[in-house]
Amino acid sequence: MASVLNVKESKAPERTVVVAGLPVGLFSDQLLALLVKSHFQDIKNEGGDVEDVIYPTRTKGVAYVIFKEKKVAENVIRHKKHRLARKARHAELTVSHFSDKIFSSVNAILDLSVFGKEVTLETLVKDLKKKIPSLNFSPLKPNGRISVEGSFLAVKRLKESLLVRACSLLEKDRNFTSEGRKWNRQNPQRNIQRSNNSLASVGTLVPETARSGEMLVLDTDVFLYLQHKCRSYESTLKKFHILSQEKVDGEITTVCLKNIQVGSQLNNAKHVKELIEEWSHALYLKLRKETFILEGKEKKEKRMIKWACEQLSSRYPEVLINFYRAHIDIIGSSSDTYLFKKGVMKLIGQKVS
């Protein structure tokens, strides 16, 4: 099995991209590697000469593609959509810049006992395996714990699926209290505590009257991007006369949707909820976050980083910039965040890591 070390040893990280979403089980590893190479050599896909394709790797459905030129790798990342040939069922690929700091493979331990008696855990695991076949699951332990391994994107999908399931159970129970329940999540890519200021700026606590509305649970980064960068969010709320109340709890945001117009259709809130779930799912697959750490830096360096971000904001209108006391989050597509970070580092006179 190949790994990140193969790329580092090839001395070609700048010419390498990480390709996720390969169809597992349809072809032999050798044939799939040839299909990947053919796709990224095609000029229609902004491709060029491929030096090597590293596949299989330690992570299911993930390959490393090494180009002969750095420029080609950057062009491939900028290309918004990548789909394999028809014989590969037009599998949609996610392409990102290679870095030895990224987690190409993530290990996580889940405690499914929190679902209590609401679901049969064996059935839940079976459904997850079917929904996300690229993940490796260990046997379910009697205490409800199970180990999971897979690509970062696959683990994000798993997290989303579990959040949706938890939200569904909460709706059935209709016993939501704003102070009595907290969601805690560990992200394998970073563990940055949000400042208290960010909590006050997003929304208010979900009131007890939320019981009569529709509720959904979203990743906070996805919600902020949806709220500030997607015009369809606010316009849809206005169109269907929906009041949205949010509660931010670290990296999880709970949203309550209610009809505010007398005589409006009862299923309006449910329809809007379904739209938001669809948008958030698409953003889960698209978005990537880069973080500039401010804590511990000199005041002059902090000002330079903030200034650089502000200078680049107009050049990258699809990038969301969140300023916090101890750090700055940059959220956008894989290509935009990479180029944004590269631009910031250039403006402050540092090399891109």
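First, a word on what this report is: a plain description of the structure on this page. Just so you know, these numbers come straight off a predicted model, no measurement behind them.

**Structural notes on unusual backbone geometry**
Part 1 of the argument: The omega torsion across Tyr55 and Pro56 is 5 degrees, close enough to zero to call that bond cis.
Part 2 of the argument: By the secondary structure assignment, Pro56 is in the loop between strand S2 (50–54) and strand S3 (62–67).
Part 3 of the argument: The backbone of Glu46 sits at a positive phi, close to 65 degrees, despite the residue not being glycine.
Part 4 of the argument: Mapping Glu46 onto the fold places it in the loop between helix H2 (29–41) and S2.
Part 5 of the argument: Positive phi outside glycine occurs at His241, with the angle close to 55 degrees.
Part 6 of the argument: With respect to the helices and strands, His241 occurs in the loop between helix H8 (231–239) and strand S10 (242–249).
Part 7 of the argument: With relative accessibility at 31%, the residue His241 sits in the partly exposed group.

**Things to note about the packing of aromatic side chains**
The relation between two aromatic rings is expressed through the spacing of the ring centres and the mutual angle of the planes.
Part 1 of the argument: This model, assessed by the stated rule, comprises three aromatic pairs.
Part 2 of the argument: When the ring of Phe223 is compared with that of Tyr233, the centres are 6.0 Å apart and the planes differ by 85 degrees; the resulting orientation is edge-to-face. Highlighted residues: Phe223 in helix H7 (residues 220–229) and Tyr233 in helix H8, separated in sequence by ten residues.
Part 3 of the argument: Accessibility expressed as a relative area gives 0% for Phe223, which makes it buried.
Part 4 of the argument: Taking 5.7 Å as the distance between ring centres and 65 degrees as the angle between the ring planes, the aromatic pair formed by Tyr316 and Phe340 counts as edge-to-face. Linking Tyr316 in the loop between helix H10 (299–313) and strand S13 (320–323) with Phe340 in helix H11 (residues 334–347), this pair joins segments that are 24 residues apart in sequence. With respect to class, Tyr316 is no different from Phe340; both count as buried.

**A short note on the environment of Arg288**
Part 1 of the argument: If you trace the backbone, Arg288 turns up in strand S12 (residues 287–293).
Part 2 of the argument: In this structure the side chain of Arg288 is engaged in a polar contact, spanning 3.2 Å, whose partner is the side chain of Glu290.

**Considerations on the packing of H7 against helix H9 (residues 268–286)**
Part 1 of the argument: Relative to each other, H7 and H9 sit at 110 degrees, their axes nearing to 10 Å. In this view, H7 runs roughly perpendicular relative to H9, as classed from their interaxial angle. In this structure, H7 crosses over H9, and the sense of that crossing is right-handed. Taking contact as the criterion, the partners of Val222, Tyr225 and Leu226 in H7 are, on H9, Ile276, Trp279, Ser280, Leu283, Tyr284 and Lys286.
Part 2 of the argument: Counted by class, the contact of H7 with H9 contains seven nonpolar, one polar and one charged residues.

**What to know about the pattern of salt bridges**
Part 1 of the argument: Taken as a whole and judged by the stated rule, the model has eleven salt bridges.
Part 2 of the argument: The partner of Arg288 in a salt bridge is Glu290, and the shortest N-O contact between them spans 3.2 Å.
Part 3 of the argument: A residue is classified by how much of its surface remains accessible, and Arg288, at 16% relative accessible area, is buried.
Part 4 of the argument: The exposure class of Glu290 is buried, given its relative accessible area of 11%.
Part 5 of the argument: Salt-bridge contacts for Lys289 lead to Asp329; the nearest nitrogen and oxygen are separated by 3.3 Å. A residue pair is termed long-range when its members are at least 10 positions apart, and Lys289 in strand S12 and Asp329 in strand S14 (residues 327–333) qualify at 40 residues. We note that Lys289, like Asp329, is buried.
Part 6 of the argument: Look at the salt bridges and you will find they share partners, linking Glu74, Arg78 and Lys342 into a network.

Conventions and cut-offs
Residues numbered from 1 in each chain as written. Predicted model: local features only at pLDDT ≥ 70, side-chain atom pairs only at ≥ 80, totals over all residues. Heavy atoms only, no water. Helix = DSSP H or I, 4+ residues; strand = E, 2+ residues; numbered from the N terminus. Buried < 20%, exposed > 50% of the residue type's maximum accessible area, 1.4 Å probe, protein only. Phe/Tyr/Trp six-rings, centres within 6.5 Å; stacked < 30°, edge-to-face > 60°. Polar contact = N/O pair within 3.5 Å; in protein donor to acceptor, adjacent residues only side chain to side chain. Axes fitted to C-alpha atoms, helices over the stretch in contact; angles between N-to-C directions. Parallel < 35°, antiparallel > 145°, perpendicular 65-115°, else oblique. Left-handed = near helix turned anticlockwise from the far one by under 90°. Contact = heavy atoms within 4.5 Å. Nonpolar A, V, L, I, M, F, W, Y, C, P; charged D, E, K, R; others polar. Salt bridge = Lys/Arg side-chain N within 4 Å of Asp/Glu carboxyl O.

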